[in-house]
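# Tertiary structure, described
Take a look at the letters that make up each chain.
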Amino acid sequence: EFARLTGIGIDNTRNLAYVSDATAQRVFSINLASGFVSLLAGSGIAGNTNGTGTAASFRFNINRVDDTGAGERGQGLCVDESGNIYVGEQYGISENNSDIRKITPGGVVTIVPGSIIIPTSELEIGVPSGLTVTASGDIYYTQGVSTMFQGISKLSDGIITRIAGKRSFEEFTDGNGNIAAFTCPKAIQHKGEYNYIADASNGALRRVNAAGTVITLAGVGRNMTNTYSDGHLPPIEGSYRLPISFT
């Protein structure tokens, strides 16, 4: 039984799925043929300890993954071509600190070099909300805390680069680099030359190329979408409500 899942991914063989559970503070594997669930890593106590299996600890965000504006800190999971799993989490007790962890198929947990962010100002805050990894090992991740940086960053060879997005409250703008704006982006998937992003509060699917140019493929933005649970507008043609995951 699971509680608050903050990430899900499937390995290249399509034999195993992996989920991160914020209530349990653990990562589980699921055999897709039998449905059998196994504990891969995590002690069950929040922390950032490296180790193998239950000797390791995680600090996943405990808000629901569909919490708008509140649940975008320390989430996301992806699997690389070798079967390694990557998860986003909060680093230490401050909700503004973050890192990315790597988990081998054998359950060995380490911090991805260069992924720790301990901001000295609000401009530097960038807590992962969704992750994807390329064949070359580059990690792209979304960050989506309202009034903080909202967009996509790249972690390559221990260096973090912001690709697109900016510090914003609630905006919806296509464009290049820091001209583009998102509102609580969540899931991200790398395919071919592009990254595809579920821009949750905008109810939109966005596409970003390597140069940081953002276009909208579907959706009309939060001001035209019944975004929140209590609703302020009826649904209209072309609108989506809180897309938070896709594959």
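Residues numbered from 1 in each chain as written. Predicted model: local features only at pLDDT ≥ 70, side-chain atom pairs only at ≥ 80, totals over all residues. Heavy atoms only, no water.

This part covers the overall build of the protein chain. Scanning the protein chain for helices and strands turns up zero helices and 18 strands. Buried positions account for 49% of the 247 residues belonging to the protein chain. For the protein chain, contacts bridging at least 24 residues in sequence account for 41% of all contacts bridging at least 6. Total accessible area computed for the protein chain in this model is approximately 10,900 Å², and 52% of it derives from carbon and sulfur atoms. (Helix = DSSP H or I, 4+ residues; strand = E, 2+ residues; numbered from the N terminus. Buried < 20%, exposed > 50% of the residue type's maximum accessible area, 1.4 Å probe, protein only. Contact = heavy atoms within 4.5 Å. Areas by Shrake-Rupley, 256 points an atom, 1.4 Å probe, with all protein chains shown as cover.)

Moving on: the packing of aromatic side chains. With the rule as written, the count across this model stands at three aromatic pairs. Ring plane angle 10° and centroid distance 5.1 Å describe the contact between Phe58 and Phe60, whose orientation is recorded as stacked. The same class applies to Phe58 as to Phe60, namely buried. Relative to Tyr196, the ring of Tyr194 has its centre 6.4 Å away and its plane inclined at 65°; by these criteria the two rings are edge-to-face. Here Tyr194 falls in the partly exposed class, since its relative accessible area comes to 23%. The lysine or arginine in question, Arg162, covers the ring of Phe149, its NZ or CZ lying 3.9 Å from the ring centre. Against the face of Phe182 rests Arg206, its NZ or CZ located 4.8 Å from the ring centre. (Phe/Tyr/Trp six-rings, centres within 6.5 Å; stacked < 30°, edge-to-face > 60°. Lys NZ or Arg CZ within 6 Å of the ring centre and 35° of its normal.)

Attention shifts here to the sheet that holds strand 18 (residues 213–218). With antiparallel pairing, the five strands of this open sheet are ordered in space as 14-18-17-16-15. Two strands in the sheet have a free side with no partner beyond their single neighbour: strand 14 (175–176) and strand 15 (185–191). Pairing of strand 17 (residues 204–208) with strand 18, which is carried by four bridges, proceeds in the antiparallel orientation. From the neighbouring strand, Arg206 faces strand 18, where its bridge partner is Thr216. (Pairing = 2+ DSSP bridges.)

Here we take up the pattern of salt bridges. Tallied over the full model, the rule gives five salt bridges. Sharing partners across several salt bridges, the network here consists of Asp174, Asp199 and Arg206. (Salt bridge = Lys/Arg side-chain N within 4 Å of Asp/Glu carboxyl O.)

Moving on to the sheet that holds strand 13 (residues 159–167). As summarised here, the arrangement of the four strands in space is 10-11-12-13, forming an open sheet in which the pairing is antiparallel. At either end of the open sheet lies a strand with only one pairing partner, and these are strand 10 (128–133) and strand 13. Strand after strand, the sheet turns through a mean of 20° between neighbouring axes, direction not considered. Sheet analysis places strand 12 (residues 149–156) next to strand 13, joined by eight bridges and oriented antiparallel. Residue Ile152 lies in a different strand from strand 13, and its bridge partner there is Ala164. (Axes fitted to C-alpha atoms, helices over the stretch in contact; angles between N-to-C directions.)

The next thing to look at is the pairing of strand 8 (residues 98–103). Burial analysis of strand 8 places five of its six residues in the buried class, which makes it a mostly covered element. Relative to strand 9 (residues 108–111), strand 8 runs antiparallel, the two sharing three bridges. Paired with Arg101 across the strands is Ile111, a residue of strand 9. Between strand 8 and strand 9, which pair antiparallel and follow one another directly, the connecting turn spans four residues, one of which, Gly107, has a positive phi of 90°.

Remember that the coordinates give geometry; whether it matters functionally is a separate question.
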